[in-house]
Structure formats: C-alpha cells, structure tokens
Amino acid sequence: MVTDFDVVAHYKNLLITSPDISMPVAAIEALVELIKNSNATTMSEFMVSIKEASQLLKTSVRNSISLSAGCDLFLRFIGRSSQDAADFESWKSSLIARGEGFVEKAAACRHKIAELGVPFIRDGSVILIHAHSRVVSLLLQKAAADHKRFKVFVTESSHSQGGIRSAHVLRAAGIPTTIILDAAVGYVMDKVDMVLVGAEGVVENGGLINQIGSYQMAIVAKAANKPFYAVAESYKFVRLFPLNQYDLPTYSADTLSFQELNLDYDMPEDGEMGTIKTDRVTSPSATPVDTRTLSSQKAQGSNPLVDYTPPDYITLLFTDLGVLTPSGVSDELIKLYL
Amino acid sequence: MSSKNVVDDLVAKLKRRQLVGSSAVAQETLKLMIVVISKAPLSTVNQLIDLVKSVGQKLVAANPTEPAVGNIVRRVLHVIREEYRDAENNTNKQGELTAPPSLTTSSSMYNLLGDPTSQQAVYGRYSHALRNNIIQEVKDIRIELETIYDNIKNQASLHIHSNEIIMTIGKSKTVEEFLKMAASKRKFQVLVAETAPSYQGQEMALELSKAGIETTVIPDSAVFAVMSRVNKVILGTHAVLANGGLVAITGTHMMAAAAKHHSTPVVVCTGLYKLSPLYPYDDDSFTVNINPDAVLGFEEGDLIEKVTVANPYYDYVSPDFVNLFITNQGGHPPSYLYRLIVENYHPDDHSL
Amino acid sequence: MPPKERVEAEQVLQAVVLADSFDQRFQPITLETARCLLPLCNMPLISYTFEFLAVAGVEEIFVFCCSHADKVKEFVKEYRKESSITIHTIVSPESMSVGDAMRELDAKQLIRTDFILVTGDVVSNMKLDKVLEEHRARRAVDKNAIMTMVLKKASSKHRSRSVGDGSIFVLDQKTKECLHYQPVKAFSSTREDRRLQMSMEVFEKHPEIQIRNDLIDCQIDVCSVEVPALFTENFDYQDIRSDFVHGILTSDLLGKTIHFQEVNDVYAARVRSTQMYDAISKDIISRWTFPMVPDSNLGTSGDRYECRRGLVYKEKSVVLSRTCVVEEKVVIGANTQVAESSVLSNCVIGKNCKIGANVKIDNAYIWDNVTIKDNTQMTQCIIASNAVIEENVKIGKGSMISFNVIIGANSIIPPFTRITALPEEDEDELESDEALVGPTGRGRAFTEAEDSDDEDDETDPRNKLVNKLAYDLEQIKLAAQEQESASEFESEASDVEEDEFDPVEDLNREVAQTLDRAFNENHDVDIAALELNTLRMASNSNFHEMRLRIIPGVLRHIDHAARPGAGKTVKEVLTRWGPLIGKMIHDEQDQVDGLFILQSCCAVQLEDGHKVFGPSLRYFYDEDILEEDAILGWYHSSRSRDGGPAELRLREIAAPLIAFLEAPDSDDEDEDDDDDSEEEEDE
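The shown structure was predicted, so the numbers you read here are calculated from the model rather than taken from an experiment.

Chemist: How should I be thinking about the overall build of chain A in this particular structure?
Modeler: When helices and strands are counted, chain A shows 11 helices and 10 strands. For chain A, with 338 residues in total, the buried portion stands at 56%. For chain A, the proportion of contacts with a sequence separation of at least 24, taken over those separated by at least 6, is 77%. For chain A, the exposed area adds up to about 14,500 Å²; of that, 54% sits on carbon and sulfur atoms.

Pasting the structure below:
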C-alpha cells in the first residue's frame, strides 16, 4: 500500500533544515520516517514499500551515488535483520531505533575521520583540496585547531562554486587559502605536498567517485609523485565495480552526459554570468541549476557532476573504520555483504 | 611493584639505545609482557587490557622509531581479546546461541546499524584458566619469533634459481639465512652494496662468503650502474608499515628505485612481528639521524662549525617499489598486508 | 685465580660526581643555583652525567655538593624515583677544590673499589666498558697504575675545546702511560707558562713519546681506590690535573703511574665555561652526542620532543604562529608560544616561554618561563628562568641575564654585560640600575669581586675573558700574537742578564767574606785554606783567581801604624797568614804568577805597598813559597818592567835580593844582614 508520506519531500526538507547532514544519512532518516508512517502489515508488503521509496529517492536527485549507497546499506540491513525478526511490530520498532541510532552515529563519523587524518598534515605543508567537502573542511579545521601551520589551495569548481565556499570556511578558521582555477591544477601541483578530496562514493576495488575534476587531479598528483588522500564515511561504500568512467549507474539521464551547447546563445547584457548564490537548500554536489540564471545555464549546458578515480591513483582512504589502502576497502565491503 | 621496575628498565634501555634491532627489541618486549601479565591482578579482562596498553604506551614513547615494540604489545592485546572471546564462546555454547561468529570486527559498517543499546564489548570475568591460556599463547608467539628464520628460509628455493645474480644491501640475518639456504641447493652470485657509513654490507658479504656464496661488494654509488645485470633484489627491513611501505637501512630506497627503473623484482624477507599497523605520516616519520661522526669526523673543528652533517640511519621505501613480501606465513604482495594486520591486531589497539 | 676474580666481579661499580666546579665562571647565575643544575638544551647538566654513568653500568653514585647543596639534593631525590641507580649525596660546604672533596671522600671511607670520577657537567655518549676493562687488566698486573684518564682527539681549533683550559700531554702510546702534564693558558704571561720542563729520566724508560696538544680533556677518570688516600697524603693538591697529575708524574718517590685512553669516535666534553656551554649545546643539537639528544627524551620531565628537518626540536605542545619563522638548529620546550613574524635560529628555548611578535633570536639560550615582548633582538646570550624582557630591547652579545631580572622597554644592553636581580652582598634590597635596565626594570650589573679570583696576579686577565661566551677569539688572537712576539724577545734579553748572576762579583764577595771571617774569628790557616779551596771548587774557579783575591786580601790587613803585638804589623801578618798564600801557590808558574800579582797589588792596591813588598818577598823566599828561579824569572821578565813608576820602584826594592840570589852561593847570613839592614833603613 502506498502511503501518503512523501519520502522525497521529507528528504529535501531534511537537507534544508540541517545543512550539515550528508545525503545518505538524510535518505536513511527519510526512510526511517517512512517506516514510522508505514501502514504495511506484512513483511513483504513492508519490504516492497521501502524498496519503492528508495527508488523514488534515487531518481529524484540528480547526483545520487552517495544517496544510493546509503539506501542500499539500509535495505541490506533490513533484509538481513528480517530473518531474525520474531514478530512484525517489534521488528519495526527495532528498525526505527536502529535507524535513528545510525543517524546519530553518522555525525560522529566525520569527527572520527578528521581525527585520523590530522596527523597526516605536517607542520609547514601545502595541501590541495577540491571544491567543497564538509569532511575535508572539518579535517582541516581540526588540524588548524591543533596549531599546525599549513596552507591550502582549493580549486574553484566553477560549476558549483564549491571552492569559494570552502575558502570561506577555511579562512574563517584562520587557514591561508588560495583559490585556483580548475585548469591550474597541473600548474600548482609542484608546490603542494599532498592532495585531499572528499567522496561521494567508494567502489569495490577501492576506487573513488567524487565531484568532477577529482580524476584529473589524481592523475596529475600521481605524475608529480604527490600522495592523494580521500576521506569517506563508511556508509558511502557501494557495491559497484566500474571499469571506466561511463560505467557508473545513473538514475537520471544527464548525470554523465554532455548536452550540446546552445548554439544561438547570446551574452546577457548585465554580465551576471558568474553570480554566486550560495544556496542552502542543495548540498554542494546537487544540481546547481537552480542557482543560476537561465542564460548561464544555456551557456554551459549540462556537464557531468561526478567522475571515477581508479584505485591506483589513490594513496590512502581515511574512513571511520580506520585508514585504509584501496585494497583494504574491498575487504570491508565483503564483510558487510556476506 | 617489581613489574614496574622491569618496565622502567626496559624503558631506560630503549631510550638510551642500548637495545637496538627489531629482533632483540621484540624478544625483550615479549619477556616483559609475560612478566606483566603474570603479575597483573586478577580482576576484569578490561583492566588487564588497560594495564597492558599503558605499559605499551610507555614503551612506545621511549623509542617511537622502533615499531617492533608496539607490534608485540598489539599482538599480546589481540591474544588477550581472542582468548577471552574463545572462553566466552565456550561458556555460551552451553547457553543460548549468541551472535554469529565474528568475521566482522566490532567496527565494521554493519555495526553502524547495530544495536544502539549494545556497548562496546565488556571484557569481564578474568579467571585463572584464562590467564594461563593467555600466557601460553604469548609463549607461542615467542616460539614463533625464534623460528622465523626457519619458515622464511624454507621458501628460498622457490624464489632463487641457478645462475641468478641477486643484489642486496645492509646486514640482515633473515636475508642471510635465506640466501644460505638457497645456496645449499643452487649456485648463484650475490652483489652486496657496502652500505656506507656503517659498512654493514661488508659484514654481510663476509658472512655470505663464509657460506661459500660467490659474493661481490660494490659501493652504494654503483648500485644503479650494476642493476641492469641483476635478476632479483632481496632486501631485509627494519619495519613494515601498514600501507606496505618499508623502513629499512639507508640506501634501500635508492636500490629499490633503481630496481623499479630496470623492472627488477624486489623481494622483502621479513618476520611478521615487524609488520606495524601504523602509516607513515610523511617520509621522515621513522627516520633516525644518528651521530654524524662516521660521515665527517668530529676532529674537523673548522668544518663542523660551518656545515650541518646528517647521518640518517633509516630510509622510507614506498610500497610501489616492493613486489613481494616473504614472511613466516608465506609470500604476499604489498596490497595484502592489510589482511595480515586485521588478522593479527585489533583495530582498537592500532593507536596505543 | 678464579675465586678472587669472582669476588671482584660482585663488587658494585661506583662513581663519584663532583657537583661543584669550584670556579665562578657562570656567575651571576650560579649565585642562585648550582652549576650542575643549569639546563643544557632543556635538560639539567647533571642529568647528562647520570645518563652517561647509567650507560656505563654504574650502580652507585656519590654526588659531592658544595654550593647550593640543598638544591642539588632536591634534584637527586626526584631523579632517584625514576632510576634504578643508588645515588647518595655528600654535602661538604667547606670544600674549595677538587682536592678538598677527595680528602673528604677519603675521610668518609666510602670507596671500596676502582671508581669513575667525573664532574657534574660532563656530556658524553661514550661506553666506558673498554676503558674499565683495560684499567682493571692493568691494575691486576701493576698496582701502581692508579688512574686512567680518558682523552679525546680533536683539532686544535675545535669549538669543543675549552680555549682557556688547554693542556699538553706527554704520552707513551705503547704502555699507554701519561708521562707529563702541563696546563696551557690561552695567553701566557710568565716565562714559566711558555715552557715545558721534563726530567731526563723519563726518556730512559720511554724511548718513544708523543707530545700532544690536540686532545680534549674530558676529565673523566677511572681512579683506583688509592687515589683519595693520595690526596690526603699531599695536603696541598687542589686541582686534579695541574696538581695531582702533575705532582704524581714529577714525583720520583711515589712511583705511581697514570695511564690514558684515547677515544676517537665518541663524544665527551665538559661544560667548563660559558663558551663551552655554547659549543656543547651546538654539538647536542647537531646530534654529535647521539643518543643524548633532545628527541631521545631522556629527561625525567616527560617531554616529548620531535626532531624535524633542519634540526628543529619541538615539543608537542608548542604553539607557533603562522608567520613566525623557525630556521634551523632550534630547540623549543613545552607550552612555549611564539607570536607573529618572529625569527628563531640556532637557539634553545625552554618551557612555558612567551615570545612576542617580531622578535629576533639568534644563537641565544633562553631557559624556562621567560617572557620576551615584541620587537626585541638578542644574539649570543644566556637568559635565565623567569626573566622578563620588555619591548624593543636589544641585548648585546655575550650577555648573561640572570634569574628574575626584568629589562625595561627600549633598553640597550651593551655586549658582555651580566645582569643579576640579587641584591649586593651586604644589602637586603636590590638597587636597580636604572641606566642599564630602565625605570621599569629590575636588575643591576654584575662584576666579579676582585678577590673572588684565586689565580695569582701574574696571569693575564685575558685568560679569564677567553672563556666567556661569544668572546671572539679570531680578532684577539691576531693582535695578541704581534704583541707577544715583540715582548718575547725583550724578556729573553732581560732574562739573561737578570738571571745569570755575575760570577766575578760573587767570587770577590765570597772571598772577602771568607777572609774576614777567618781574620775575625782567628781561624787556623788550614781551615781558612780549606774554606777557600771549597769556594774555589764551588765557583768553578781556579787558583789564579783565588790568588788574585787572596794576596791583596791578606796583605790588606797589614796596618803600618800598628804596634807589634796587635797582629797587624807586616811581620805578624805575614807570619800568621803567609802560609795561606802559600797554599795557593804550587808550581813555578804559580809562583811567577803570584809574584806578578804581588807586584801589581803592592803597586796599585795597597797604600804604602812598597813597604810591604820587600818584607813579603823576603818572607816568601824564606818560607820557600817562592823559589829562586821563580823570583829571578819574575825579575827578568819584561812584564815586571812594564807598568807605572810604582811597579818599577818595587823592582828596585827587590834588586838587592835579586843580586843576592844571582851571586854565586854567598852566605845566608850575609843575605840576612843585608835584608835586615834594608828593613831597618826603610822603617
């Protein structure tokens, strides 16, 4: 039975009200709300409704890799625990309890990761980061609070202006930050000591799915012999094994495709092409379409939002399970899905 | 408490560098652990774990560049937890079925969604029998430490073939035994880099030649030049880090880089007690700069005022350079080490 | 003999640490605390010594404290808690030197075996095993080998050589014996300072020796159990090297030998002066003393230093501002904060310091709890704990700022100033020197009391200065060398004169004195002759010289106006003392010579000598002191004809005698009559 509960709306609401929350956590929280409001009486009915809801969520968002990771995790958990359930009601309530517990723990994840990553930042080092990632910002803030002296270069990420957001956050913490062009990554790579990026998802072979531009950065880092570190919470691990860039599951058609530039596009008179409106509503990796004027949208067209970085380019991953090498990730995934 | 004195003694020896070399340090630490556990009061297992951890912290702080200390302490802690779990399972077998046997460790993702009411496992009920089991297991570790060379050298004939030219650097007992065992069955040549300024390579060459192996000593600067003729590079190491990187005697990085350039396989012989769950925060974390006297004599009064002389004892070698680890539990690629770490150490103990 | 060895092995290895240096080189800082407690790279000096001894396997340490004994005792008590060595403190406030301390030690009878003697300020990473083994082996064979000194080879201009405390060692490499010791000062002022004197017997026993000036004397000695007793026997031994070693080696009676061990690839040095403090700090930072380096965290205070690139040692809790620059060779202690734009290089900073913005610190040693405010500059100085340096202060090189001093804002401290916050000796309250430290400051300039120095006045005052921190030896050496070479020649010349006494004058004096004595005390001629002979031999003289003096000396006693009976007439004098002259005359040549002397003496030196001449001649002839041939020879010689009228006149007086002698065998009586008649005529 379909309920009246609008999972997608609830999800979006969550993102607005708590800007710090990450997408998969919001998704799980939304699903938990769904369980609360569910009228299902049998297990199979219940399972179907949950599956449908998660499907809805995945399709509603443009960039849904991390969201799918979260949803899949929750579904898997439900599936496993259903075997042990004594009766339906108690099982439902236990699920709700677990889900809420998870949401709480999830917030702590970030701090745990930041703690793990701080010793890697040495006094006097120069770090290159990509766009805006909350975990990375938290890590750098913790390092600054620890009296480490370091400088940061951040790529502008013009499509989402994420770099500029990052710079605001870091400068507020007293960290000297320089914003560089996305195209200037190769230029600046010799000056940096390490590269630090966040993650949308971590795939089975240890590879990384992150905002567009990460793969490029990883290749340049490898060529320049600089370590490339990624930070990811463990609920972002997905059971995918992409072989190339185009193997990522896309639930919306235009995540990874390029649309033609509008050929008879005219430059607007007011020259407001690059207006930055930091929108609290969307998380940085979500579609920025709403924040731009129609003209700039036409100019840029649709561009892929995420790319895939193979594990050879990644030195280490900082997760709440500890510091892992890319090959260690698959081990963890196996443990989960066994 | 006499165990406190024993701990202080070992701490002092480590600080004063009277005890150096991973093998010796590991043996001493193990002896100390046995004493500590035997003398610990019989309360809860949690308390025992805390006690061992605090002793471990002191020892590690005494010489942070000697990872073998921490490794042994972590092994012991792992043993304690394992034995406790086994003991619990045994008693529970009589009772109801509990959670499935843990392939999952307590910090897996699965547990994020785990029971919010369940705390971290409380280790209680420390009984005499448990203590005896623990001590027995720890003594097994000691036996393992003593038989490392046997396990490793038995793999020698798999890796070394006739008429090969092997290159090595520094003086490592493990590599020496490995090569000697291979020499008893095959005929091959060994090139040893002299490893200035300690010149350990020369001692190594002496030992190898006593065993009848055709040995040549080359200066460190000649390593790259000669590498094209080498079939394999076999190295010893001081410590192995969690990412597969090595902390080995100075000059090893150079040899490994030369080998990579020539696509020569690099094989590292090491006991598992040298495997540490720590990561190298940067290339310098495990370097020790010792007395520069061997590089520039102290008598050169004028020079030493104007010149800074560094004498690093260890090198960090990144995992890209290593092809295979031969350990007392078989051969593994660097990417597999995380598995060995998970099997031998508990995640809670990674940071003592 | 197995049983004996076993007993010896059971004995515990003892060490004696002299916690007092018995000099005042670190004043005014050492007015408030003991020198061995001063921090060197943020660890108290005596800790280094204890660590060194612990590595050597020492199990019992006796710490000898004099000044600030209570502070040392306090420290030892704390240290004992962490260490397994037994440490006893011995307090003896009256000891003024190493010698006194050793005598005290002997009196207390605490030493049972061979022991290690060090001072409380030695820094070394040496393992003493080999030295101990060799020492014991030597002792087993030869009980006279009482001490083994440890010496380290270094070039002469090495910064770890204490410039003012140099030494020359004369060594025999085969037997490892030290044959002679000589302290060398930087500026030698007396002649003795520049010369090395050794006895020749040394060369008989040791055919091959080395004279070495390239050794650092770390003053680490392995002494046998007899050493304290030797100090008690020789009450005046003060310093262990310049008195004890020197004394033992130059004394033939004792027959003891001192050995040495030369070490090459280990580090050992003593913090003897502020200049050495500087040098040894630098050595520690450059890791020459590994493993006694700050990041081994050997101290008991739980520090966690890390060594970073550029030899920067930082404790974990240090807070450095973003723009401050830590160059190289810096040690920063726990909880210290450094504000913006400051530049630190080659310095050691203690715990809990607050360093302001825009401060330049170079080559300085700053201890705990020091506050340095903005815009100050300092170079080559020592700032003790709890001092406060206000804004815009410039501290000149070589300065020492003692505990609790406050230097007011905008002060400029001239180089080589020492400032202390202690009141003067006789006052209760500190009188701050406002000109120096400013109105808000607290401190007065410190100068050494004149009598606090127990070196004698002859020493060059530059010898004291040379040990001071930052004393620039290069400039001074160049200037001094020129001066020295000039003055050296001068003194050589004057030396010859003043030192070589004038033998001629001496002999005159001596003879005159002897004769006077003989006359006055009415000695026997034999005795007088004996004395004069002895004098002759002692002054390495000959009979001619003696005659030159004795003949006039005797004849001078003739008093023409005297009455007979007083012993002063010609006849009486001649009778009495003539034989003395006779004893100076032996063969014919002597006689002729004697005659010449007589002639010249009567002619020139004596009043009315002509009256004396004749009778003398007669007397000597009668007594057979002068023989015929000699007289004739004299008379006919051309020399007797030379000379003034007086001489010729004497010849005339002698003429009758000559005639008589030449006359062929005439009667003696006639001669007598003639002579007598001549005499009577003359009278």
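Chemist: What am I meant to see in the confidence of the model for chain B here?
Modeler: Low-confidence regions, as indicated by low pLDDT, have predicted coordinates that should not be scrutinised in detail. When the pLDDT values of chain B are averaged, the result is 86; 90% of them are 70 or greater. The complex model carries a pTM of 0.76, and its ipTM stands at 0.86.

Chemist: When you look at the state of the cysteines in this model, what are you seeing that I'm missing?
Modeler: Disulfides are covalent bonds that connect the sulfur atoms of two cysteines. Residues and elements named next belong to chain C. As enumerated under the stated definition, the model contains 0 disulfides over all chains in all. Not engaged in a disulfide, the cysteine Cys36 finds its nearest cysteine sulfur in Cys65; these two sulfurs lie 7.2 Å apart. Among the residues examined, Cys36 registers a relative accessible area of 2% and is labelled buried. Cysteine Cys307 remains unbridged, with the sulfur of Cys41 as its closest cysteine sulfur at 12 Å. In this structure Cys307 comes out as partly exposed when scored by relative accessible area, which is 23%.

Chemist: What is the right way to look at the confidence of the model for chain A in this model?
Modeler: For chain A, per-residue confidence averages 80 on the pLDDT scale, and 81% of positions sit at 70 or higher. Long-range and interchain partners of residues 261-295 of chain A, a stretch whose pLDDT sits below 50, account for 42 contacts in this model, where long-range means more than four residues apart.

Chemist: Sorry, what's going on with the domain arrangement of chain A here?
Modeler: Accessible area lost when the parts come together is the quantity often used to give the size of an interface. All names here are of chain A. Here chain A is described as being made up of domain 1 (7-111) and domain 2 (113-253 + 300-337). In this complex, domain 1 contributes 27 residues to the contact, which on the side of domain 2 involves 26 residues. For the domain 1 and domain 2 pair, buried surface summed over both sides reaches about 2,300 Å², with 58% attributable to carbon and sulfur atoms. The residue Arg110 makes a salt bridge to Glu233 at a minimum N-O spacing of 3.5 Å. At the junction of domain 1 with domain 2, the criterion picks out 9 residue pairs in polar contact (both at pLDDT 80 or more). Elements with a minimum of two residues in the side of domain 1 that touches domain 2: helix H2 (23-36), helix H3 (43-60), helix H4 (65-84) and helix H5 (88-117). Split by residue class, the side of domain 1 that touches domain 2 holds 11 nonpolar, 9 polar and 7 charged.

Chemist: Looking at this structure, I do not really get the pairing of strand E9 (residues 166-172) of chain C. What am I missing?
Modeler: All names here are of chain C. Taken across its 7 residues, E9 has 7 buried, putting it largely inside the fold. Neither face of E9 is open: one carries Gly166, Ile168, Val170 and Asp172, the other Ser167, Phe169 and Leu171, and all of them are buried. In this structure, the hairpin formed by E9 and strand E10 (residues 177-184) is closed by a connection of 4 residues, where Lys176 is found at a positive phi of approximately 55 degrees. With 3 bridges connecting them, E9 and strand E11 (residues 210-212) associate as antiparallel partners. Within the sheet, the bridge partner assigned to Phe169 lies in E11 and is Arg212.

Chemist: Would you mind showing me how to read the side chain of Arg241 of chain C here?
Modeler: Residue and element names in this part refer to chain C. Take Arg241: it is sitting in helix H8 (residues 240-250). Residue class for Arg241 comes out buried when judged on its relative accessible area of 1%. Reaching out from Arg241, the side chain makes a polar contact with the side chain of Asp217 at a distance of 2.7 Å. When neighbours within four sequence positions are excluded, Arg241 is seen to be in contact with Met147, Met149, Tyr181, Asp217, Gln219, Asp221 and His246.

Chemist: Help me understand the packing of H2 of chain A against H5 of chain A, please; the structure alone is not making it clear to me.
Modeler: Each pair of packed helices can be summarised by the angle the axes make with each other and by the distance between the axes. All names here are of chain A. Look at H2 against H5: their axes get within 10 Å of each other, and the N-to-C directions meet at 160 degrees. Considering the angle they form, H2 stands roughly antiparallel to H5. Considering only the axes of H2 and H5, their crossing is left-handed. Taking contact as the criterion, the partners of Val25, Ile28, Glu29, Val32, Ile35 and Lys36 in H2 are, on H5, Lys92, Leu95, Ile96, Gly99, Glu100, Phe102, Val103 and Ala106. Residues of the contact of H2 with H5, tallied by class, amount to 9 nonpolar, 1 polar and 4 charged.

Chemist: Help me understand the packing of aromatic side chains in this model?
Modeler: Remark: the centre distance and the inter-plane angle together describe each pair of aromatic rings, the angle taken between the planes. For the coordinates displayed, the defined rule picks out 22 aromatic pairs over all chains. An aromatic cluster of three or more residues is present, and its members are Phe26, Tyr277, Tyr365, Trp367 and Phe403 of chain C. For the cation-ring pair, Lys173 of chain B lies above Tyr149 of chain B, with the distance from its terminal atom to the ring centre recorded as 4.7 Å.

Chemist: I tried to follow the nonpolar core on my own but got confused; where do I start?
Modeler: Proteins that are soluble and globular tend to have nonpolar side chains buried together. Ranked by size, the top nonpolar core spans 73 residues in total, and within it Phe50, Val63 and Ile220 of chain C carry the most contacts. Among the elements that make up this core, the one with the highest residue count is helix H2 (residues 45-56) of chain C (8 residues). With residues near it in sequence (within four places) discarded, Ile220 of chain C still touches Phe52, Ile116, Leu117, Val118, Val122, Ser124, Met126, Leu128, Thr148, Met149, Val150 and Ala268 of chain C. Ala114 and Val323 of chain A together with Ile165 and Met255 of chain B belong to the second largest nonpolar core, which has 60 residues in total.

Conventions and cut-offs
- All residue numbers refer to position in the chain's written sequence, counted from 1.
- All chains are assigned letters beginning with A, and all ligands numbers beginning with 1, in the order in which they are written.
- A pLDDT threshold of at least 70 governs which residues receive local features in this predicted model, and a stricter bar of 80 or more applies before side-chain atom pairs are shown or counted, although totals over entire chains, interfaces and linings include all residues.
- No hydrogens and no water enter the side-chain calculation; it runs on all heavy atoms of the structure.
- Here a strand is any run of E in DSSP of at least two residues, a helix any run of H or I of at least four, and the numbering for each starts at the N terminus.
- Note on classification: 1.4 Å probe, protein chains only; a residue is buried when its accessible area is under 20% of the maximum for its type, exposed when over 50%, partly exposed between these limits.
- Whether two residues touch is decided by their heavy atoms; if any such pair falls within 4.5 Å, the residues are in contact.
- For every accessible area listed, the method is Shrake-Rupley and the probe measures 1.4 Å; residues are considered covered only by the protein chains on display.
- Known as pLDDT, the predictor's per-residue confidence is scaled from 0 to 100.
- A pair of cysteine sulfur atoms is labelled a disulfide when the two atoms are within 2.5 Å.
- Domain delimitation follows an automatic or database domain assignment.
- Once two parts are put together, the accessible area they lose, assessed with a 1.4 Å probe and summed over both, is termed the buried area.
- Just to be clear on terms, a salt bridge is a Lys or Arg side-chain nitrogen sitting within 4 Å of an Asp or Glu carboxyl oxygen.
- In the analysis that follows, any N or O atom pair within 3.5 Å is treated as a polar contact, provided that within protein one partner can donate a hydrogen and the other can accept it, and provided that, for residues neighboring in sequence, both atoms belong to side chains.
- The classification used treats Ala, Val, Leu, Ile, Met, Phe, Trp, Tyr, Cys and Pro as nonpolar, Asp, Glu, Lys and Arg as charged, and all other residues, Gly among them, as polar.
- Being paired, for any two strands, means DSSP has found at least two bridges between them.
- Lines fitted to C-alpha atoms define the axes, with helix axes restricted to the stretch in contact, and inter-axis angles between N-to-C directions lie between 0 and 180 degrees.
- An angle counts as roughly parallel when it lies under 35 degrees, as roughly antiparallel when it exceeds 145, as roughly perpendicular when it falls between 65 and 115, and as oblique in every other case.
- Left-handed describes a crossing whose near helix is turned anticlockwise from the far helix through less than a right angle; right-handed describes the clockwise counterpart.
- Classification of ring pairs rests on two measures: the distance between centres of Phe, Tyr or Trp rings, Trp counted by its six-membered ring, which must be within 6.5 Å, and the angle between planes, read as stacked under 30 degrees, edge-to-face over 60 and tilted in between.
- Geometrically, a lysine NZ or arginine CZ counts as sitting over a ring once it is within 6 Å of the ring centre and also within 35 degrees of the ring normal.
- Remark: nonpolar core denotes a set of buried residues (Ala, Val, Leu, Ile, Met, Phe, Trp, Tyr, Cys) joined through side-chain atoms within 4.5 Å.

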